[in-house]
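Close look at the chain arrangement
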Amino acid sequence: MSLTPTQRADLERNLAHAVTGCSERGLYHGAKWAAELLNSLPEGEHSITDPPPAPDAHLERRELPRFLLAKALFDSREYDRAAAVFLPRPPPPPAPHPVPPTPPQPPLSALSKKAVFLALYAKYLAGEKRKDEESEMVLGPADGPLTPNKDLVMLSNTLEGLLTSYYAAGSNGDGWLEYLYGVFLAKGKNETQAKEWLIKSARLRPFHWGVWQELTALTANAEELQQSIAALPENVMTFIFHVFANQEQMRFNAHVHTALTQLLALFPQSPFLKSQRALLYYHSNDYEEAAAVFNDILRSNPFRLDSLDCYSNVLYVLGHRAKLSNIAQCAALIDKFRPETCCIIGNYYSIMSEHEKAVMYFRRALTLDRTFLSAWTLMGLEYIEMKNTHAALEAYRRAVDVNRRDYRAWYGMGQIYEILEMHAYGLYYYQRAAALRPFDPKMWMAVGASFARGGKLSNAIRAYKRALVAGSYQKKMGGSAAELRASGGALDPDTLYEVAKLYERVGDRREARAFMELVIAQEESHPTDNDATFGVGVTPNTSKARMWLAKFHYAAGDYNAANELATQLCQDGFDVEEAKALQRDIRARIEAM
Amino acid sequence: MTRYLTPSKVGLLVLVSMYGDGDLCNHAIRKFLKFITLRVANSSTRTSAFKSTDPADPTVTVEELLQLASPYASPLPGRSLDYFVLKKLWSITSIHSLHEFFDSLQGLLFKSGDRRNESPNSKATRRILFLDVSPLGLFIRRARVEHDRMQFEDVIKLWNAFRAFRAPTEKAWMELSGKPALQGEVAVDEAWTQYTYLGNFEPNKAETTNSVEDVEKSLEFQLDRLQRYGIRAPYEVRERLKRLTLVPSAPTLTFFVKFYDAWKAGDFTSAHENLHRYFDYTMQTGAKSNYQYALLHKSMLQVDFGRFSEAIKVLNETIAMARENQDAECLNLSLSWQNHLLRAYPKHMAAMFMAGSEKESLYFLKMKAKEGKLWSILSSSLLNEAKILLSSGGGVPTAISLLSEVSKLNTQHHIVGNWNSHAMTLSTIMGRLGLASLTQSYCELSFHGYSACAATDETLRAVCLSASLANCEGDYEKSEQLLSNVDGNVTGLMKLNQFLHTYKDLLKLKRLLHNNDIQAAYRIMAELNVRPYQDTDIQFHVAILNIEYLCKSSNFPQAYEAIEDLGHKLQEEDGDVFQRVTVLLQKAHLFEAVGRPAQGFTVALRAANSAYRARLLPSLWEAVGLMAKIHSSLEQFEAARRLLEAVLPQTLTGGDAHLCAQLYMYLGDAFMGLAGTQQGDARIASLSKVEHSIDRAQAYSAKLGDSKTELEGIAKKMLVAEVLGQHGQTEERANEYIRLHVKHSRLLKTASAQVA
């Protein structure tokens, strides 16, 4: 896929205008993202023209001095003051002494849309800042969803009225105001409406990345994603959104990879897209590949800290401690007080089993940015290591509150309840995790184990079988052992053993036997398979299965088979004494016959 | 700046781990351990006062490590130990391996319950394990703890500093190992790590190699020096310290060192400011116990800058605070300081303290010190008691017995700080007993032997006293040399510098007065009279010389006034007995000079009486000499002769050339008078005795350069020759007189020109 010169010029112009538009409105992240993408186009001629004048340009010209003041104040993080430049003051309380009347502010509708956006956005940020200040310490008593942004309702109402009047006049919010309204609605947990407004905004201003990010956050599953995409125009941004949302929802099928490859052909230099690729690999547990891609990104953008924390996660899983320490050093040299840096250092200390220090750094990351998801999850993990289940639970809960699709947090909460022996509760969380990661056998195994402990044996068997299927990447739902055998591929012997034991508990000794035999079968490799998988060899579980089978045959009177299995057991070296005793019994029975 | 760990400490830990792993051959072990322990041992264990060797520099360079290791063979054949050191140093390839290195140190510590059941040849048994409480064990534990509590940013700093530390050996290691210095997963696969490795790293620009602990140690050492010797650090040291402490995390002790420095440099404002700053910063860490010490220092500072009333207020508060907080040590220190003040500045202090409180407080101090076994305070209070006894004219034997007690205490408890003042007090006693050579040797002992353990101002006083003794003997060259030798010691120390220069002027003035160079003496006198003095000794000396000068310039009314003034002042301040006797003697001289011998005789008799009671032998001799002279002038020659012949032999050992010359001259006069009453052989014998006495007197005055006495002697001898009828000799002596006179006036002229 390549661009014609006109398309390229269009793309460049749109991106450049998005950068200017975002910077004028204090949307730094969107500006950064668009500029990065603009610079990752292949080499070529640039033909960037000035943006067309806004419909209300005469208003903008008139209020330019005030706008400049507001922007300067906004940039110096004096949000309240910046908002006060344009926003009308609240009516003064009835004063005992007559005060000189203040000059009346013009109503919001008399302002240009740019000014309105900046003012409302500044007010919103001021509220967020106050909220953060009132939340005090991370995980402290005031920290949590109970501390709201107090300005939100007022802002939302104001903006609603304004947008209604615009639309009634046949105009619109220029894309930016729609976005802001969407954000307000999303903050107020008014998700469906928020999505509508965001889609409106995406149609008007497709190159504003913030819109897509908010949309992704609001899209819970594949169906919703499909719905959203259907409502969106077909352009490159929708395409990027498609890839990004799939990645965020941890879908890593070939379709997404292809889409990403096509995008990378358009923007070969884009570190953002490359990091999407790495994250896809990471979700599919392909850590080496992910590490290679991250490495590549680092080489070309040594000062880019975004998504570097994911790299540290990859290195954590791979156990590359030295490299992790280097990344941490590198990040700390660039900026000590970025949540990403703190996360990386926390990961390093976590891998060195210094959990207190790790928690300290995760807390620091959260103090810097309370919506930094991975820090919450990782901190929960550290608290579990430190046996502080309450803190861990709270951290995971906060992670889930920030992003409901974080399966690690759900899974972690399940683990905690399992530690606390509250299995019914644990089951719920495992099920949430399994719903988010239907192809991760670990989730299903956890679900199965919870069911088994709760005494719901048939459910447990189903869950374990799901795990087996997920483990062998099989779409087909297996029912019996024979079906599973027929499906081929390597199966996890531990899961099989669990299933067999469950069948025994149910009393279905025939199925149990079949699964025990399957366990033993996993010891050897399957040369018939296309992808030559190797057997697991003799493990404690396969030996246990063998012992079970030997006893089974013994009880059934099939002494030869039992004897053979017992002899194998003596050779394998597990439970030798018991096997020998069994052998003696068998010989005695044979002789007695 | 890190708190404790530095690259040097990592280097030392590498050595320790080599020792622990059994990599060292037997004869290398001793050297290695010495090298390590010198730098690691806790400084608080070395409290000896004679720390002649400075504490080893805590920083080591990688070259030092290699130099230490290179002479020895390693367990690997064909390789010397420095290869091992390099290998260890370069095996730390990243922050992570640094972390692992610290973790691995745990294995060197002996855990109780360890059972060594490995076979005797295994590497584990070759290992040396350190007990937790052994010096190296402590070092390892401290290092591990410090590493554990380091934040990641500090680890990065340590790592970069460590790389700078070992950077000089990169080439050597590459040659030895045949591999690139940085290898392993870190260096090979990453182009971008080059950025972390090189982009941000230049060996010369790496962080400082000192930890807070190192800086603190050097500041403590510095402070110890400053407090003990009362000096300022040399310029280079000051500059180095400034560089060390120019970091945000510098310890607060810096301000205390600055306070001392400013104090000694005479910068009252900065000293005051820095003292306050130090205690402001230590308030957060230290308990309130620091407060009384702060007050004590403040009072010392204010006394030094002449703000007595404030100093006394502060001191009283110090004592109250120390009593309240039951801080016996501080209380004793402040009481002994109060005592010192009472003696040193009686005029300013008298109004503030109740009369008699001096002895009481001294008694209290002694009891407290004995109770609390604070030997150094006991020793200094005994010394003070002896000094008070001497100044009030009390028993010399008691003083000497007190001093023996002090000496015993000093030796028994190794109180080096008081050795010097002990020697100086003894020298004072010897001076009063007229044993000049002993006085001189005690002074020499003080500044040759004890200068290493005494404050600089004490040493300076000893030198000045010694110089003044040499001056008295007429050995001007020695005196000048002694004083010029100490010039360098007092550079930058305002008070001592002033003291030294004043003393130099005093000695010069004395010499000029002996030489009868009135004009030059006038100039110096004028200069000395306008300077303010805090030191009572100096004040007294200046006053006495002023009187002598006035007498020499025949300005008797003014001289009389000056004597009366001084006498009153001494009476008010309850001054030293020696000073009072000296004033009496001056008065007697004056009366004799203005022709009122009878009055002079009474005064001289009083002086002799006092001097005899207080065992002030030199003063006694002078008084007796004066009485003899008055006898002669009243034509009681026999009495004069008998008096003089009684004291002269002792005077000769007293080391005062001027007094000797005078007494001989008086003796000559007495014999001349006697000769007048005699006939025949007895007369001739007397006349020859006259000649003999005058010869001796001339010899002494020649030593002093006192040409007036010399000329007087020649004239007298001329008279003797004429009485004997030896006209040739008369002629000869007349010529000699003229020659000497001419020479003398020429000398006077050049000297005056020089002074001008």
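Here the structure is a predicted model, which means the values were calculated and not measured.

Attention now goes to the nonpolar core. The biggest cluster of nonpolar side chains holds 161 residues, and the ones touching the most others in it are A:Met379, B:Leu15, B:Phe32, B:Leu81, B:Phe102 and B:Phe152. Ignoring anything within four residues of it in the chain, the contact list for B:Phe32 reads B:Leu15, B:Leu24, B:Leu68, B:Ala69, B:Tyr72 and B:Leu81. With 80 residues, the next largest nonpolar core counts A:Ala34, A:Ala83, A:Trp212 and A:Val236 among its residues.

All names here are of chain B. As for its position among the elements, Gly 567 is in helix H30 (residues 556-573). Assessed through its relative accessible area of 26%, Gly 567 is described here as partly exposed. Sequence separation between Gly 567 and Ser 610 is 43 residues; the distance between their C-alpha atoms is 15 Å.

We now examine the interface of chain B and chain A. If you look at the interface, chain B gives 28 residues, while chain A gives 27 residues. At the boundary of chain B with chain A, total buried surface from both sides reaches about 2400 Å², with 59% on carbon and sulfur atoms. At the junction of chain B and chain A, the tally comes to one salt bridge. Seen at the junction of chain B and chain A, the total is seven residue pairs in polar contact (both at pLDDT 80 or more). Looking at the side of chain B that touches chain A, the element that brings in the most residues is helix H8 (residues 152-166) of chain B, giving seven residues.

The periodicity of an α-helix, 3.6 residues per turn, causes residues three or four positions apart to be oriented the same way. Residues and elements named next belong to chain B. End to end, helix H33 (residues 617-633) covers 24 Å across 17 residues, agreeing with the expected 24 Å (1.5 Å per residue, within 8%). Counting buried residues along H33, 13 of its 17 residues qualify, which places the element largely inside the surrounding structure. Glu 635 sits one or two positions beyond H33 and adopts a positive phi of about 65°.

Residues and elements named next belong to chain A. Mapped onto the present numbering, the UniProt feature "repeat: TPR" (unreviewed entry) falls on residues 339-372, 373-406 and 407-440. Secondary structure across residues 339-372 divides into 79% helix and 0% strand, with the first and last C-alpha atoms of the span separated by 7 Å. In the segment residues 407-440, helix accounts for 79% and strand for 0%; the C-alpha atoms at its two ends are 11 Å apart.

Our focus in this paragraph is the environment of A:Asn253. Residue and element names in this part refer to chain A. You can see Asn 253 is positioned in the loop between helix H12 (236-248) and helix H13 (254-266). On the basis of relative accessible area, Asn 253 is assigned to the partly exposed category, the value being 37%. Along the chain, Asn 253 and Leu 280 lie 27 residues apart, while their C-alpha atoms are 8.9 Å from each other.

Attention now goes to the packing of H13(A) against helix H14 (residues 271-283) of chain A. All names here are of chain A. Contact pair H13 / H14: the axes reach a minimum separation of 10 Å and the direction vectors enclose 160°. In this view, H13 runs roughly antiparallel relative to H14, as classed from their interaxial angle. In this structure, H13 crosses over H14, and the sense of that crossing is left-handed. Together, Val 256, His 257, Leu 260, Thr 261, Leu 263 and Leu 264 of H13 and Leu 273, Lys 274, Gln 276, Arg 277, Leu 280 and Tyr 281 of H14 make up the contact between the two elements. In terms of residue class, the contact of H13 with H14 is made up of seven nonpolar, three polar and two charged.

Let us look at helix H28 (residues 518-530) of chain B. All names here are of chain B. A rise of 1.5 Å per residue sets the reference length of H28, with its 13 residues, at 18 Å; its end C-alpha atoms lie 18 Å apart and thus fit the reference within 8%. Of all the positions in H28, only Ala 520, Ala 521, Ile 524, Met 525 and Leu 528 are classed as buried. The arc enclosing the buried residues of H28, seen along the axis, measures out at 130°, which places them on a common side. Exposed positions of H28 whose direction lies more than 90 degrees from the buried face are Gln 519, Tyr 522 and Val 530.

Let's shift gears to the packing of aromatic side chains. What the rule picks out here adds up to 51 aromatic pairs over all chains. A ring pair is formed by B:Phe256 and B:Tyr260, whose centres lie 5.5 Å apart and whose planes are at 85°; its orientation type is edge-to-face. With B:Phe256 and B:Tyr260 both in helix H14 (residues 253-265), this residue pair falls four residues apart, about one helical turn. Judged on exposure class, the residue B:Phe256 and its partner B:Tyr260 are both buried. Between B:Tyr560 and B:Phe591 the ring centres are 6.2 Å apart and the planes differ by 55°, which places this aromatic pair in the tilted class. Of this pair, B:Tyr560 sits in helix H30 while B:Phe591 sits in helix H31 (residues 577-593), placing them 31 residues apart in sequence. Overall, B:Tyr560 belongs to the partly exposed group, its relative accessible area being 34%. Here a set of aromatic residues connected by ring pairs shows up, and it is made of A:Tyr28, A:Phe74, A:Tyr79, A:Phe117, A:Tyr121, A:Tyr124, A:Trp176 and A:Phe184. In this arrangement the basic side chain of A:Lys200 is found over the ring face of A:Trp197, its NZ or CZ atom lying 3.9 Å from the centre. One Lys or Arg, B:Arg79, reaches over the ring of B:Tyr83 and ends 4.0 Å from the middle of that ring.

Let us now look at the pattern of salt bridges. On inspection of all chains with the given rule, the structure shows 59 salt bridges over all chains. Measuring nitrogen to oxygen at the nearest pair gives 3.1 Å for the salt bridge that ties A:Glu340 to A:Arg338. The class of A:Arg338 is partly exposed, set by a relative accessible area of 24%. Close ionic contact of B:Glu691 with B:Arg733 constitutes a salt bridge, the shortest N to O distance being 2.8 Å. A residue pair is termed long-range when its members are at least 10 positions apart, and B:Glu691 in helix H36 (residues 680-704) and B:Arg733 in helix H38 (residues 727-755) qualify at 42 residues.

Rules used throughout
Along each chain, the written sequence defines residue order, and numbers are assigned to residues from 1. Naming scheme: in the order in which they are written, chains are lettered from A and ligands are numbered from 1. pLDDT decides what is reported in this predicted model: residues at 70 or higher carry local features, side-chain atom pairs at 80 or more are listed and counted, and totals for whole chains, interfaces and linings draw on all residues regardless. Based on all heavy atoms of the structure, the side-chain values leave hydrogens and waters out of the count. What is meant by a nonpolar core is a set of buried Ala, Val, Leu, Ile, Met, Phe, Trp, Tyr and Cys residues, joined one to another through side-chain atoms within 4.5 Å. The classification of residues rests on relative accessible area computed with a 1.4 Å probe and restricted to protein chains. Under 20% of the type maximum is buried, over 50% is exposed, and intermediate values are partly exposed. Only heavy atoms matter for contacts: two residues are in contact if any of them lie within 4.5 Å across the pair. Numbered from the N terminus, helices here are DSSP runs of H or I no shorter than four residues, and strands are runs of E no shorter than two. When two parts are put together, the accessible area they lose, computed with a 1.4 Å probe and summed over both, is reported as buried area. Counted as salt bridges are all cases of a side-chain nitrogen of Lys or Arg within 4 Å of a carboxyl oxygen of Asp or Glu. In protein, a polar contact requires one atom able to donate a hydrogen and another able to accept it; more generally it is a pair of N or O atoms within 3.5 Å, and residues adjacent in sequence count only if both atoms are side-chain atoms. One less than the residue count of a helix, multiplied by 1.5 Å, gives the span that helix is expected to have. UniProt positions are given in the numbering used here, feature names are shortened, and annotations may be inferred rather than shown by experiment. Throughout, an axis means a line fitted to C-alpha atoms (over the contacting stretch in the case of helices), and angles, computed between N-to-C directions, take values from 0 to 180 degrees. Throughout, the term roughly parallel applies to angles under 35 degrees, roughly antiparallel to angles over 145, roughly perpendicular to angles from 65 to 115, and oblique to all others. Helix crossings fall into two classes, left-handed where the near helix is turned counterclockwise from the far one by less than a right angle and right-handed where it is turned clockwise. Under the scheme applied here, ten amino acids are nonpolar (Ala, Val, Leu, Ile, Met, Phe, Trp, Tyr, Cys and Pro), four are charged (Asp, Glu, Lys and Arg), and all others, including Gly, are polar. When we speak of the arc, we mean the arc of directions from the helix axis to the C-beta atoms. Here the aromatic set is Phe, Tyr and Trp, taking the six-membered ring for Trp, and pairing holds for ring centres within 6.5 Å; pairs whose planes are under 30 degrees apart are stacked, those over 60 apart are edge-to-face, and all others are tilted. Lysine NZ or arginine CZ positioned within 6 Å of the ring centre and within 35 degrees of the ring normal marks a charge as sitting over the ring.

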